[in-house]
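Read off the chains here:
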Amino acid sequence: QVQLVESGGGLVQAGGSLRLSCRPSTSAFNINTIGWYRQAPGKQRELVATITSGGTTNYADSVKGRFTISRDSTENTVYLQMNSLKPEDTAVYYCYARYTFSGYWGQGTQVTVSS
């Protein structure tokens, strides 16, 4: 069973920045795609950003130009740098890793942006 260890959430004022980290408990060698989703109260979970094993990135329109996803192979960690945060970015952020035949979710980390 793969575990995804997330960190980096917290409370920040609008316009501020946070960096989320996600580290799989096993080697990321077999991960096809890894990324972040978020779920705000009363809303469905939505994609934020993903990155493939080949380095191709995908972003939700609402975060383009503000968020950057990256992978550090030496540290086996994926990062989500979030800049110019807005109150509407407030949500629980979940890391998700998709392997060839399975996928795994992290436990979630709360991001709260105050106005």
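Rules behind the numbers
Residues numbered from 1 in each chain as written. Predicted model: local features only at pLDDT ≥ 70, side-chain atom pairs only at ≥ 80, totals over all residues. Heavy atoms only, no water. Helix = DSSP H or I, 4+ residues; strand = E, 2+ residues; numbered from the N terminus. Contact = heavy atoms within 4.5 Å. Core = buried A, V, L, I, M, F, W, Y, C linked by side-chain atoms within 4.5 Å. Buried < 20%, exposed > 50% of the residue type's maximum accessible area, 1.4 Å probe, protein only. Disulfide = S-S within 2.5 Å. Phe/Tyr/Trp six-rings, centres within 6.5 Å; stacked < 30°, edge-to-face > 60°. Lys NZ or Arg CZ within 6 Å of the ring centre and 35° of its normal.

Undergrad: What exactly am I supposed to notice about the environment of Gly-106 here?
TA: Along the polypeptide, Gly-106 turns up in the loop between strand S10 (103–105) and strand S11 (109–114). Sequence separation between Gly-106 and Gln-3 is 103 residues; the distance between their C-alpha atoms is 6.8 Å. Here Gly-106 is in contact with Leu-4, Glu-6, Tyr-94 and Cys-95, once residues within four sequence places are set aside.

Undergrad: Explain the nonpolar core to me, please; I cannot follow it from the model alone.
TA: In globular proteins that are soluble, nonpolar side chains generally tend to be buried together. Counting residues in each nonpolar core, the largest one holds 30 residues, and the members touching the most others are Trp-36, Leu-80, Met-82 and Tyr-93. At the level of secondary structure, the elements contributing two or more residues to this core comprise strand S3 (18–24), strand S4 (33–39), strand S5 (46–52), strand S7 (67–72), strand S8 (77–82), strand S9 (91–98) and S11. For this core, the element with the highest residue contribution is S9, accounting for four residues. Discounting residues that sit within four places of it in the chain, Leu-80 has contacts with Leu-18, Arg-19, Leu-20, Trp-36, Val-48, Ala-49, Phe-67, Thr-68, Ile-69 and Tyr-93.

Undergrad: What am I meant to see in the state of the cysteines here?
TA: Chemically, a disulfide is nothing more than a covalent bond linking the sulfur atoms of two cysteines. Summed over the entire model, instances satisfying the criterion amount to one disulfide. The residue that forms a disulfide with Cys-22 is Cys-95, at a sulfur-sulfur distance of 2.0 Å. Across the S-S bond linking Cys-22 and Cys-95, the dihedral sits near -80°, which makes this disulfide left-handed. Of the two residues, Cys-22 sits in strand S3 while Cys-95 sits in strand S9, which places them 73 residues apart along the sequence.

Undergrad: In this structure, what is going on with the packing of aromatic side chains? I would like to understand it.
TA: Two aromatic rings, taken as a pair, are described by how far apart their centres are and by the angle between their planes. All told, the structure shown has five aromatic pairs when counted by the stated rule. Ring plane angle 70° and centroid distance 5.2 Å describe the contact between Tyr-37 and Trp-105, whose orientation is recorded as edge-to-face. Of this pair, Tyr-37 sits in strand S4 while Trp-105 sits in strand S10, and the two are 68 residues apart along the sequence. With a centroid separation of 6.4 Å and an interplanar angle of 90°, the aromatic rings of Tyr-94 and Trp-105 are classed as edge-to-face. Highlighted residues: Tyr-94 in strand S9 and Trp-105 in strand S10, separated in sequence by 11 residues. Under the relative-accessibility criterion, Trp-105 is labelled partly exposed at 39%. Taken together through their ring pairs, the aromatic side chains of Tyr-37, Tyr-94, Tyr-96 and Trp-105 make up a single cluster. Here the basic side chain of Arg-45 rests over the ring of Tyr-94, its NZ or CZ set 3.7 Å away from the ring centre. Positioned above the aromatic ring of Trp-105 is the side chain of Arg-45, whose terminal nitrogen or guanidinium carbon lies 4.5 Å from the ring centre.

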